[in-house]
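Spelled out, the chains give:
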Amino acid sequence: MKAPARALLAILSLAVAAASPLAVADNYPSKPVRMIVPVTAGGGVDTAARLIATHLRAELGQTFVVENKPGAGGNIGLDLLAKSPADGYTLAVIPNTMTINHTLMSKLPFDTLKSFAPVVQIGNTPAVLGARAGLAPKSLKELVAYAKSHPGKLSYAGCDTGSALHLAGEMFKQQADVDITHVPYKGCSDSVPNVLGGQVDLIFITLTNIAGYIKDGRMRVYAVAADRRTPYAPDLPTGAEQGFPDFNIDIWYGMLAPAGTPPDIVAKLNTAVNAILRKPDVQSSLATSYLTPVGGTPGQFGQKIRSDIERYGAVIRKAHIRVE
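Every chain is numbered on its own, with residues counted from 1 as its sequence reads. Note on the predicted model: pLDDT of at least 70 is required for a residue's local features to be given, and 80 or more for side-chain atom pairs to be given and counted; whole-chain, interface and lining totals, by contrast, use all residues. Excluded from the side-chain calculation are hydrogens and water; included are all heavy atoms of the structure.

## Side note on the environment of His166
Here is the rule: Only DSSP runs of H or I with at least four residues qualify as helices, and only runs of E with at least two residues qualify as strands; both kinds are numbered from the N terminus onward. Note on definitions: a residue-residue contact is assigned when non-hydrogen atoms from the two residues lie within 4.5 Å. A 3.5 Å cut-off defines polar contacts: any pair of N or O atoms within that distance qualifies, except that in protein one atom must be a possible hydrogen donor and the other a possible acceptor, and neighbouring residues in sequence count only when both atoms are side-chain atoms.
By the element assignment, His166 lies in helix α7 (residues 164-176). Along the primary structure His166 and Val183 are separated by 17 residues, whereas in three dimensions their C-alpha atoms are 9.5 Å apart. Discounting chain neighbours no more than four positions away, the residues touching His166 are Tyr156, Gly158, Asp160, Thr161, His182 and Ile321. Within the local environment of His166, its side chain forms a polar contact with the backbone nitrogen of Gly162, the two atoms lying 2.8 Å apart.

## Things to note about the packing of aromatic side chains
Formally: Ring geometry is summarised as follows: Phe, Tyr and Trp rings, the Trp one being its six-membered ring, pair when their centres sit within 6.5 Å, and such pairs are stacked at plane angles under 30 degrees, edge-to-face over 60 and tilted between the two. Each residue's exposure class comes from its accessible area (1.4 Å probe, protein chains only) as a fraction of the maximum for that residue type: buried when under 20%, exposed when over 50%, partly exposed otherwise.
Evaluation of the coordinates by the stated rule reveals nine aromatic pairs. Taking 5.5 Å as the distance between ring centres and 55 degrees as the angle between the ring planes, the aromatic pair formed by Phe172 and Phe247 counts as tilted. With Phe172 in helix α7 and Phe247 in the loop between β8 (219-224) and β9 (250-258), the pair connects residues that are 75 residues apart, well separated along the chain. The pair formed by Phe172 and Phe247 is uniform in burial state, with each residue classed as buried. Pairing Phe204 with Phe247 gives two aromatic rings, centres 6.2 Å apart and planes at 85 degrees, and the pair type is edge-to-face. Taken as a pair, Phe204 in strand β7 (residues 202-206) and Phe247 in the loop between β8 and β9 lie far apart in primary sequence, 43 residues in all. Through successive ring pairs, a cluster of aromatic residues spans Tyr156, Phe172, Phe204, Phe244 and Phe247.

## Comments concerning the environment of Phe110
With respect to the element layout, Phe110 can be found in the loop between α5 (97-104) and β4 (116-132). Taking C-alpha positions, Phe110 is 33 Å from Arg278, a pair spaced 168 residues apart along the chain. Ignoring sequence-local partners within four residues, the contact set of Phe110 consists of Asn75, Leu78, Asp79, Ala82, Ser115 and Phe116.

## Some points on the packing of helix α3 (residues 44-60) against helix α11 (residues 280-287)
Think of two packed helices as two axes; the pair is described by the angle between the axes and how far apart they sit. This is how the line gets drawn: Geometry is summarised by axes, namely lines fitted to C-alpha atoms with helices restricted to the contacting stretch, and by angles between N-to-C directions that run from 0 to 180 degrees. With respect to orientation, any angle under 35 degrees is reported as roughly parallel, any angle over 145 as roughly antiparallel, any angle of 65 to 115 as roughly perpendicular, and every other angle as oblique.
Running from amino to carboxyl end, α3 crosses α11 at an angle of 170 degrees, the nearest separation of the two axes being 11 Å. As summarised for this structure, α3 and α11 are arranged roughly antiparallel, according to the angle between their axes. Contacts between α3 and α11 involve Ala48, Leu51 and His55 from the former and Asp281, Val282, Ser285 and Leu286 from the latter.

## Here's the deal with the pattern of salt bridges
Put simply, the rule reads: In what follows, salt bridge is the name for a side-chain nitrogen of Lys or Arg lying within 4 Å of a carboxyl oxygen of Asp or Glu.
Here the structure, examined in full by the defined rule, presents twelve salt bridges. A salt bridge links Glu67 to Arg34; its shortest N-O distance comes to 2.9 Å. One end of the pair, Glu67, is in strand β2 (residues 64-68); the other, Arg34, is in strand β1 (residues 33-37), and 33 residues separate them in sequence. Where Arg50 meets Asp46, a salt bridge forms, and the shortest distance between an N and an O atom there is 3.0 Å. Here Arg50 and its partner Asp46 are both found in helix α3, four residues apart, which amounts to about one turn of the helix. Since its relative accessible area comes to 35%, Arg50 is described here as partly exposed.

This is the structure in C-alpha cells:
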C-alpha cells in the first residue's frame, strides 16, 4: 500500500474511532451539563438534585447546572427534556409524579415510556398513614373495623389531588374496602395543620412532614406503606405486616435523559451516581429528608417506572380520578 493510501486509511480509522459510542463516552462530559428539575426550588427533589449535581462535578470533572422548570404537574420540565438533544448534556432529576400523570392526565406533550432514557433511581421514602392523636382506633386493624362500621365518617388528606399521597389514600380504601372521605388540599403544608387541629382525621404523607409531630405525640402513625420497616423509624409497623401486603407507596426521585442518548453515556452517568450514593456523607444528607439511597441499573429504574405506571393507573381508573 502506498504511503498516501496508508495515511488516508489512518485518518479514516481515527474518524471512525472518534465517532464511536465508546469514544463519545470517554470524552463525556466535555462541557457543563444542564440538569432540569421540574418542580420549584427548595423541596425534596430539588435538594436531592443539587446534592447529586455537586458530587457529579467531582466524579466527572464538569459542572452540572440545576435549572428549576416547574409547572403543569412537572410536565413543563419533562417536555423540555424530551425535546432536548440526546447527547447527555441535558438531564433531569424527577419525582415519581411522571408515572401518575401518564394515566391521570388525558393529554401529555410527550410519551412517558418512549420519550426518555432512564439513568438511575436516586432514592425513595415510603408514605405513611398518619392520624390526629385523639382518634379512637389504636391499630390499623381497629381503624379498618371502625371505618367499616362508620362508612363515610372518617376523612383523610393526601396533599395535592392526584399526587402519590392522594393515591395512597385511594389505594388503602380499595384494599381495605372502606369508605373514607377525601379532603383535597393544594399541598402538604395546608393539610398537616388541619389534621393537627382535628378538622381531618387521617393523612397519607411522608415522614419528613410529620416526624416532629410523631415525636411530640400530636400525631400517630398506623402504618408505613412499604413491605419492610423504614430505617428512620424502625418502631413503626408496615401495612404488610398488618395484613395489607399490597399497601406499598413510595415517593422516589430518579434521573432521566432524552430517549436516544448513547447507552455508554447513560452507563457512565449511572456508574457515577451509584458511586455517589455509596458515600457516607451523601447518605447522611439524604437521611435528613428520610430518603433511602437506591441506585441500581438503568434497566431496573425503567422497570420501576413501568410497574408504577401500571399500579397507579389501576388505582386511578378504579377511583375515577381525572386532572386536565
